[in-house]
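A structural walkthrough
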Amino acid sequence: ILPILTLDGIIAYDIIEGPVTSERFVQFLREHLPLTNPYPGPRSVLVLDNCCIHHSDEVCRLVEEEALCK
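The shown structure was predicted, so the numbers you read here are calculated from the model rather than taken from an experiment.

A tally of regular secondary structure across the protein gives two helices and two strands. Mapped in sequence order, the helices and strands of the protein form the string β-β-α-α. Taking 11 Å as the expected radius of gyration for a compact globule of 70 residues, we find that the protein reaches 12 Å, a close match to that expectation. Reported as C-alpha extents along the three principal axes, the dimensions of the protein are approximately 35 × 30 × 20 Å. By residue count, 24% of the 70 residues in the protein fall in the buried class. When contacts within the protein are restricted to residue pairs at least 6 apart in sequence, those whose partners lie at least 24 apart make up 47%. For the protein, the accessible area works out to roughly 5300 Å², and carbon and sulfur atoms hold 58% of it. Computing the positive centroid from 5 side-chain charges and the negative centroid from 11, the protein places the two 5 Å apart.

Procedures and definitions
- Residues numbered from 1 in each chain as written.
- Predicted model: local features only at pLDDT ≥ 70, side-chain atom pairs only at ≥ 80, totals over all residues.
- Heavy atoms only, no water.
- Helix = DSSP H or I, 4+ residues; strand = E, 2+ residues; numbered from the N terminus.
- Rg over C-alpha atoms; globule rule 2.2 N^0.38 Å.
- Buried < 20%, exposed > 50% of the residue type's maximum accessible area, 1.4 Å probe, protein only.
- Contact = heavy atoms within 4.5 Å.
- Areas by Shrake-Rupley, 256 points an atom, 1.4 Å probe, with all protein chains shown as cover.
- Lys, Arg positive; Asp, Glu negative; His and termini not counted.
- Charge placed at Lys NZ, Arg CZ, Asp CG, Glu CD.

Okay, structure coming up:
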């Protein structure tokens, strides 16, 4: 299960069979980043751990583009 967790619980998730690749993670972010808001509003901070799929250039670009669009 690949979830988006908030203080209120899970707001989005995807069930994936097998390992989550960086491509699948980016696809998940593309589908669900619109659920975030500009800082300092609710759901405005994205926390990623040190998993290697979280640190790709594509993830950085996607998060920065989404932040600039709002």
